[in-house]
Each structure stands twice: as C-alpha cells, then as structure tokens.
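In case you want the letters, here they are:
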Number of protein chains: 2
Amino acid sequence: MDKDKIDKKDHILDVAERIFSDLGFDGASTRMISGEAGVNMAMLNYYFGSKEGLFLAVFERKISSFQTLLQNIGNDESMSSWDKLEKCIDNYVDRMIVNNCFQKLINREMSMGKRWDLTDKITEILMINVMELKKIFEEGIKNGSFGKGIDPELMIATIFGTKNYIINAPHIASLMLGHDIRDEEFLEEKFKPRFKTYMKQLLKSYLMNDNDYTK
Amino acid sequence: MDKDKIDKKDHILDVAERIFSDLGFDGASTRMISGEAGVNMAMLNYYFGSKEGLFLAVFERKISSFQTLLQNIGNDESMSSWDKLEKCIDNYVDRMIVNNCFQKLINREMSMGKRWDLTDKITEILMINVMELKKIFEEGIKNGSFGKGIDPELMIATIFGTKNYIINAPHIASLMLGHDIRDEEFLEEKFKPRFKTYMKQLLKSYLMNDNDYTK
DNA sequence: CAAAATTAATCAAACGATTGATTGGCTTGG
DNA sequence: CCAAGCCAATCAATCGTTTGATTAATTTTG
C-alpha cells in the first residue's frame, strides 16, 4: 500500500529530526539514523537522494506546518498594528516551546557558514517571518501607531534574538531564572505567560515613545 | 628558540579558532587547520595531543584573555544605575564585533548538548556577565531608578540575545539591514553606533516605565 | 485467468574518500 | 651526540554513497 510507504518515510523523518537536532548535521551519521529507524541504510538514499536531501526533507516537513500559520495575520485589516504584533509574539512564544529542539538545529546550521544551498533555503524561510514583522512595523509607523524614531530592523533582532537566547542556552537561562527551563510544567504555566508579558511590555514601551534622538 | 615555538603554537591557535568558529567542531578537520596554518598535521597532535585538545586550547587562551578584560563596573559608587547599564552596553557591543568568530563558537558549543566539561566552563564565564547585569538591575530597582515591575532576567536575555542574533545569523542580519554585516567599515561606522543607540533607547523606555500590570 | 514481463522496495556488501591519530626516521640547535 | 622539532607516509575507523542481487508487488500479455 501507498500508506505504508508514507508512514515509513515519515518514521524515518521523525528519527532523523531527533538525531539531527541532538547531534547536528555533521554529528549525525546516516548509519545511526537508519539503524535507529530500523531501515536499511540504502533506503535513506533511495528515498531522499542523499544525507542533505534527508535533512532538507526534515526541514520542509517542519516548516510546511508553519508557513500558513502566521501568514495572514499581517493581512488582517481588522487588527491594529499593535494587535498584530501581539499576536505574532504569542505565536512565536507558543511555537518556540514546542519545537525548541528543531529551532536549535536551525540556529546551529545558520551560524555555520558552509552548505550554502542549505542555509539559503533556511534563510528564505526565516526571511518570511522577518518580512512579516517588518511590514507590521512599517505600517505602524506610517499610520502613527508607533513612534517615528524606532528601529524596526533591530527590533526584529530583539524579538528573535531574545527567543533564541532562551532556546540555545537553556543551561544559562535555567541558572538565570532559578528553575530548569526544560521542565515542561514550569515552561507552560510560569515561563510562557511571563515571557509573553515581558515581550509585550518591552516592545510597547519602546514603540509608544517617539524616541526623538535630535536632543 | 622558545619564542618561535610559542609563536607557532599561537598561530595554529589563531587559525584553529577561525576554522572551528566557521565550521564547528565536527565540520573542521585537522588537515584543514594544519594546512591553512602551514604546519604538518602531526604537529597538532604533537602540540595539543588531539583534536579535542586543540579545541580546548583555543578556548583556554581566549577565556584567559577575557577574564581580565571585564572588570566590575557594578562596584563603581559614582555612577548611577543607568550609567552603569549604558557602560555595559557600550562594552558588549564593542567586544562583540572584535570577537564575533569566537562568540559564534561559544554559542554553537553551548547549544550543543555534548562536551559537558566544556559547557560547564563556558557557563561559568558567561554567568559572570549575567550576574553583573543582574546586580545593576536589582540595584536600580532598589534605589528607584528603574520601575518596580521590570523583569531583570528576561532583560538580560534580550541584551545578550539581540547581540547573539546579529552574530549568529549574519546572513539574515545582512539581508535585514540591507548591508553586509561583515563589512568592517560599515560595522564600525554605521552599525555599532546605531546598535548602541537602539539598545539604550529600548532599555530606557522599558526601565523608566513602572510597567504596572494590574490593569 | 494465468503466465510472463516490468517495476518498486529492500538488503548485504563493498566502494572510494576522508577522518583523527600514529609511526619511524630525518633535521637541527645546543 | 642527543633530545626536540618536524615531516612524509601510513594507520584503522568511519563517513556518505553505490552497487548488484533478491524479493514483493504490479502490470502486461496471450
């Protein structure tokens, strides 16, 4: 049956995603992935062409679920610029917890200079989110919701950067917060609300200033 | 001469630092490092014992140069809490540019779970900076300079996170800013001042609010 | 319908390349 | 001369990938 084939490919992708996330692209070996997935090594190349093809397949599957999610926030005419921004933040925070292994994987690969075709594809995807935010900021400036003196680009760096910092350095974050960040209950009940609140206050304070720098 | 030996070891460490930073531990090969350093491959093992030994040597050299560099601004009685924070930001931004290769290396290694002895060591170093900032924030809250409702821990995440985002994803950052972030002249003349200004305004807006959340 | 032909899926084995590490001998300064 | 510095050659291991054979499934044909 066709169903079985898809299930098997999906199972391979599940295993590959976990191993890639844990060990990175270089650290993960095709033998390990095939072994853990219970399939013959040659199947990886048979199905996905190459190790890199497998990695891309993992990536594409993951992001296809993202793509549509936040796409239409920006185009919603009924929301104010600030409401859109709030919605984006809620979205990012919720997703960052669920997919933190995968996010780590992306961040690691992005910081690596090599494998240009790969990073190009990742860049392409990430830039969608970036542009989405940028659009909201620029719209907000135009219609006067946000101060004229704000720096949209660096604000984006702050939004993603703060999120990534927590994800990439959970060891440090845990020490800082006085609680293991990987504890799911703590994450869900304490950290997520706190993080959302903080982010919104931080951005709001900055955005609602005119930040006039012509002292 | 002994001097020559030290110079050569140092040169190897220079090259190794750059290559490890660019390609990661797994991605960097001993042949590449030795080749680019212009020494025989066997010399790496002769000097440093192993690839991991070389990696550790890169770290220790860099860390030892850090140790002395960051002195406690926090204990200066003559500065206001805000002035201290400003000074810290200037410090971090300046340093981030100089050592961005190494910073990348640290961030990657921290996000990777393995090599615990190493991450423990890195954590120790990074926590010094974290605690320094935390002290300033808490002092500012206590003496009324900063609003009571602020979230010091997440602010720290924002400061380091924003910085790391630029460093780790220069490809994205460059696209965002419309200019290659690795262009040194642009970095020094345009980006650094802009980044400092943004950071200070962002933090100031947030800190000077009372952020009362009991709506 | 049944036999033959074709295609798809799977496997063990081996491929060439590259990895980090080691050897043994050559060179050289003290 | 002799230890330290150095290097070409080589090691076993592992890497991602390919192969050719085998089985299972599907389609075609008489």
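Undergrad: Any chance you could explain the overall build of chain A here in plain terms?
TA: Scanning chain A from terminus to terminus reveals 10 helices and 0 strands. Order of helices (α) and strands (β) in chain A, N terminus to C terminus: α-α-α-α-α-α-α-α-α-α. The C-alpha extent of chain A, read off along each of the three principal axes, is 65 × 40 × 35 Å. Looking at chain A residue by residue over its 215 residues, the buried ones come to 54%. Relative to all contacts within chain A whose residues are 6 or more apart in sequence, the contacts with residues 24 or more apart total 69%. Carbon and sulfur atoms form 51% of the exposed surface of chain A, whose accessible area is close to 10000 Å². If you average the places of the 30 positive and of the 34 negative side-chain charges in chain A, the two averages end up 2 Å apart.

Undergrad: What is the right way to read the protein's contact with DNA strand D from this model?
TA: Among the 16 residues in the neighbourhood of DNA strand D, the closest are listed as A:Met41, A:Lys51, B:Asn40, B:Tyr46 and B:Tyr47. Looking at DNA strand D alone, sugar and phosphate atoms form 53% of those within 4 Å of the protein. Within the backbone of A:Ala28, an N or O atom sits 3.3 Å from a phosphate oxygen of DNA strand D. Contact between DNA strand D and B:Lys8: a phosphate oxygen at 2.8 Å from a side-chain N or O atom of the residue. Elements with a contribution of two residues or more to the surface near DNA strand D: α2 (30-37) and α3 (41-48) of chain A together with α1 (2-27) and α3 (41-48) of chain B. The dominant element in the surface near DNA strand D, judged by the number of residues it contributes, is α3(B), at 4 residues. Partitioning the surface near DNA strand D into residue classes produces 7 nonpolar, 5 polar and 4 charged.

Undergrad: Help me out: how do you make sense of the domain arrangement of chain A in this one?
TA: Accessible area lost on assembly of the parts is the figure often given for the size of an interface. Residues and elements named next belong to chain A. For chain A, the domain assignment lists domain 1 (1-59) and domain 2 (72-208). The centre of domain 1, based on its C-alpha atoms, is set 29 Å off from the matching centre of domain 2. Counting residues at the interface gives 12 residues for domain 1 and 13 residues for domain 2. Together domain 1 and domain 2 conceal approximately 1200 Å² of surface at their shared face, both sides included; 68% is due to carbon and sulfur atoms. Scanning the region where domain 1 abuts domain 2 turns up 0 salt bridges. Taken together, the links from domain 1 to domain 2 amount to 2 residue pairs in polar contact (both at pLDDT 80 or more). The set of elements that each furnish at least two residues to the side of domain 1 that touches domain 2 consists of α1 (2-27) and α4 (51-71). Partitioned by chemical class, the residues of the side of domain 1 that touches domain 2 number 6 nonpolar, 2 polar and 4 charged.

Undergrad: It is not clear to me how empty space enclosed by the protein should be interpreted in this structure. Could you clarify?
TA: Here the idea is plain: a probe the size of a water molecule rolls over the atoms and shows the empty space left. Under the definition given, this model contains 4 cavities of 30 Å³ or more. The calculated volume of the second largest cavity comes to roughly 90 Å³. If you go around the second largest cavity, you meet 16 residues; those closest to its centre are A:Asp26, A:Met112, B:Gly24, B:Asp26 and B:Met112. The set of elements that each furnish at least two residues to the lining of the second largest cavity consists of α1 and α6 (100-111) of chain A together with α1 and α6 (100-111) of chain B. Looking at the lining of the second largest cavity residue by residue, the classes come out as 6 nonpolar, 4 polar and 6 charged.

Undergrad: What exactly am I supposed to notice about the environment of A:Asp76 here?
TA: Residues and elements named next belong to chain A. Checked against the element boundaries, Asp76 lands in the loop between α4 and α5 (81-98). When the C-alpha positions of Asp76 and Ala37 are compared, they lie 43 Å apart, and in sequence the two are 39 residues distant. Polar contacts involving the side chain of Asp76 include one to the side chain of Ser78, which spans 2.7 Å.

Undergrad: Explain the relation of the copies chain B and chain A here, please?
TA: Put simply, the two copies of the chain differ by a rotation about an axis and a shift along that axis. Superposing chain B onto chain A takes a rotation of 179° plus a shift of 0.3 Å along the axis, which leaves an RMSD of 1.3 Å. This pairing of chains is accounted for by a two-fold axis. Looking at chain B, 96% of its interface residues are interface residues in chain A too, so the copies touch through the same face.

Undergrad: What is the right way to read helix α10 (residues 184-208) of chain A from this model?
TA: All names here are of chain A. Spanning 25 residues, α10 covers 34 Å between terminal C-alpha atoms, matching the ideal 36 Å at 1.5 Å per step. The largest bend along α10 reaches roughly 40° and is located at Phe191, with the proline Pro193 sitting one to four residues downstream. Between the side-chain oxygen of the N-cap and the backbone nitrogen of Glu185 there are 3.1 Å, and the N-cap of α10 in question is Asp183.

Undergrad: Would you take a moment to explain α5(A) for this structure?
TA: Along an α-helix, residues three or four positions apart point the same way, because every turn accommodates 3.6 residues. Relative to the 26 Å expected for 18 residues at 1.5 Å per residue, α5(A) spans 26 Å between its end C-alpha atoms, a close match to the ideal helical length. Those residues of α5(A) that fall on the buried side of the exposure criterion are A:Ser81, A:Trp82, A:Lys84, A:Leu85, A:Cys88, A:Ile89, A:Asn91, A:Tyr92, A:Val93, A:Arg95, A:Met96 and A:Ile97.

Thresholds applied
- Residues numbered from 1 in each chain as written.
- Chains lettered and ligands numbered in written order.
- Predicted model: local features only at pLDDT ≥ 70, side-chain atom pairs only at ≥ 80, totals over all residues.
- Heavy atoms only, no water.
- Helix = DSSP H or I, 4+ residues; strand = E, 2+ residues; numbered from the N terminus.
- Buried < 20%, exposed > 50% of the residue type's maximum accessible area, 1.4 Å probe, protein only.
- Contact = heavy atoms within 4.5 Å.
- Areas by Shrake-Rupley, 256 points an atom, 1.4 Å probe, with all protein chains shown as cover.
- Lys, Arg positive; Asp, Glu negative; His and termini not counted.
- Charge placed at Lys NZ, Arg CZ, Asp CG, Glu CD.
- Near = heavy atom within 4 Å.
- Polar contact = N/O pair within 3.5 Å; in protein donor to acceptor, adjacent residues only side chain to side chain.
- Nonpolar A, V, L, I, M, F, W, Y, C, P; charged D, E, K, R; others polar.
- Domains from an automatic or database assignment.
- Buried area = accessible area lost by both parts, 1.4 Å probe.
- Salt bridge = Lys/Arg side-chain N within 4 Å of Asp/Glu carboxyl O.
- 1 Å grid on protein atoms, 1.4 Å probe; cavity = no way out; pocket = protein on both sides within 12 Å on 5 of 7 lines; lining within 4 Å.
- Points joined across faces, edges and corners; volume = space filled by probe spheres on them.
- Least-squares fit on C-alpha atoms with pLDDT ≥ 70 in both.
- Expected span 1.5 Å × (residues − 1).
- Bend = angle between axes of the 7 residues up to and from the residue.

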